[in-house]
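Spelled out from the first residue to the last, the chains are:
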Amino acid sequence: MLFERIKRRGFLAGLGTLAAGAVAADPVGAQQPKVHEADRWVLGVKGSHRQLFDFNAHGGGLPLIHMHNFIETLKSVYQVPGSDISVVGTFYGGTVPLAWNDAMWAKYNAGAALGIEDPATKQPLVRNWFNRPAEGDPVFMNGYFRDANIASLHSRGATFLLCNNALRVWVSRLAGSGGNAAAIDAELRANLLPGVVVVPAMVVAFEVAHRHGLTYSRT
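Scoring rules and cut-offs
Residues numbered from 1 in each chain as written. Predicted model: local features only at pLDDT ≥ 70, side-chain atom pairs only at ≥ 80, totals over all residues. Heavy atoms only, no water. Helix = DSSP H or I, 4+ residues; strand = E, 2+ residues; numbered from the N terminus. Buried < 20%, exposed > 50% of the residue type's maximum accessible area, 1.4 Å probe, protein only. Contact = heavy atoms within 4.5 Å. Areas by Shrake-Rupley, 256 points an atom, 1.4 Å probe, with all protein chains shown as cover. Pairing = 2+ DSSP bridges. Phe/Tyr/Trp six-rings, centres within 6.5 Å; stacked < 30°, edge-to-face > 60°. Lys NZ or Arg CZ within 6 Å of the ring centre and 35° of its normal. Axes fitted to C-alpha atoms, helices over the stretch in contact; angles between N-to-C directions. Parallel < 35°, antiparallel > 145°, perpendicular 65-115°, else oblique. Left-handed = near helix turned anticlockwise from the far one by under 90°. Nonpolar A, V, L, I, M, F, W, Y, C, P; charged D, E, K, R; others polar. Arc of directions from axis to C-beta.

Is there a simple way to explain the overall build of the chain in this structure?
Along the chain, the regular secondary structure elements total 8 helices and 7 strands. Per-residue burial for the chain yields a buried fraction of 40% across its 219 residues. Long-range contacts, defined as pairs at least 24 residues apart, comprise 67% of the intrachain contacts of the chain with a sequence gap of at least 6. For the chain, the exposed surface amounts to about 12,000 Å²; the carbon and sulfur share of it is 58%.

Here it is, written out as structure tokens:
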């Protein structure tokens, strides 16, 4: 009888161990990744088709065309509803001014900084034609992909990340040796396009996107 009780206790203890192991192995619950306050943008990236497009050069709008084609091909060919598609674009390096509105392009000579000439005036471009191109603008493959503009992508749910470190470099450049860097910084942040989110560092944002299951495209 004593032997049988010992065996029974061992069996019950084993069941307890198995149950504890099953709970520990359960991926649901406490194992969900935490989101830092600076990374809350990722919570708004919904759907089964979620991709980050990494670009630090404007390429005449080509990176934005890739974002547009991702959305429209999934919708038209694969019959994926727009609500199930999310795209994220990146502004850093040479694409920081793409995050600014027209007033900032004119005030801070963004066209000259990027080497873009307005064909109508033969002067450096003083408006952000990547956001809202005018008829005849030689951008987005001479207008063939006009709907790839930033405003249109934003209306379809796109998120655009602006690297804080890269923005500070541009502020320092614009301030030069005698400008008010703090005032320029505040002005630029107050004049960002709708849908632009400032993140601490783009290199960290890439890791955040990966950790939360976004696919990646280098354009």
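Still to come is the rest of the account.
Honestly, the pairing of strand 2 (residues 85-91) in this entry has me stumped. Any pointers?
Taken residue by residue, a regular strand's side chains alternate between the two faces of the sheet. Of all 7 residues in strand 2, 7 are buried, a share of seventy percent or more. Side chains of strand 2 alternate between two faces, with I85, V87, G89 and F91 and S86, V88 and T90 buried alike. Relative to strand 2, strand 1 (residues 49-54) runs parallel, the two being bridged by 5 bridges. Among the inter-strand pairings, R50 is bridged to a residue of strand 2, identified as S86.

Can you walk me through the packing of aromatic side chains in this structure?
Aromatic ring pairs are reported here in terms of the distance separating the ring centres and the angle at which the planes meet. Applying the stated criterion to the full structure yields 9 aromatic pairs. Ring plane angle 85° and centroid distance 6.4 Å describe the contact between F130 and F140, whose orientation is recorded as edge-to-face. Residue F130 is located in the loop between strand 4 (123-124) and helix 5 (150-155), and its partner F140 is located in the loop between strand 4 and helix 5; the two are separated by 10 residues in the primary sequence. Here F130 and F140 have matching classes, each one buried. Both rings, one in F206 and one in Y216, keep their centres 6.0 Å apart while their planes meet at 80°; by these two values the pair is edge-to-face. A residue pair is termed long-range when its members are at least 10 positions apart, and F206 in helix 8 (residues 202-211) and Y216 in strand 7 (residues 215-218) qualify at 10 residues. On the basis of relative accessibility, which here comes to 48%, the residue Y216 falls in the partly exposed class. Clustering of aromatic rings is evident, with ring pairs tying together F55, F91 and F160. Sitting over the ring of W170, R173 keeps its end group 4.3 Å from the ring centre.

What is the right way to read the packing of helix 6 (residues 164-175) against helix 7 (residues 181-190) from this model?
Remark: helix 6 packs on helix 7, axes separated minimally by 9 Å, with the N-to-C direction vectors making an angle of 130°. The pairing of helix 6 with helix 7 is recorded here as oblique in orientation. Handedness of the helix 6/helix 7 crossing: right-handed. Residues N164, L167, R168, V171, L174 and A175 of helix 6 pack against A181, I184, D185, L188 and R189 of helix 7. When the residues that make up the contact of helix 6 with helix 7 are grouped by side-chain class, the tally is 7 nonpolar, 1 polar and 3 charged.

Would you mind going over helix 8 with me for this structure?
Working note: α-helix, 3.6 residues per turn, so residues spaced by three or four point in the same direction. Listed as buried for helix 8 are M202, A205, V208 and A209. Angularly, the buried residues of helix 8 cover 105° about the axis, an arc narrow enough to put them on a single face. Among the exposed residues of helix 8, those oriented more than 90 degrees off its buried face are V203 and H210. The inward-facing, buried residues of helix 8 abut strand 1, strand 2, strand 5 (159-163) and strand 6 (196-199). Two residues or fewer after helix 8 comes G213, characterised by a positive phi angle close to 90°.

Don't take any of this as a statement about function, it's just geometry.
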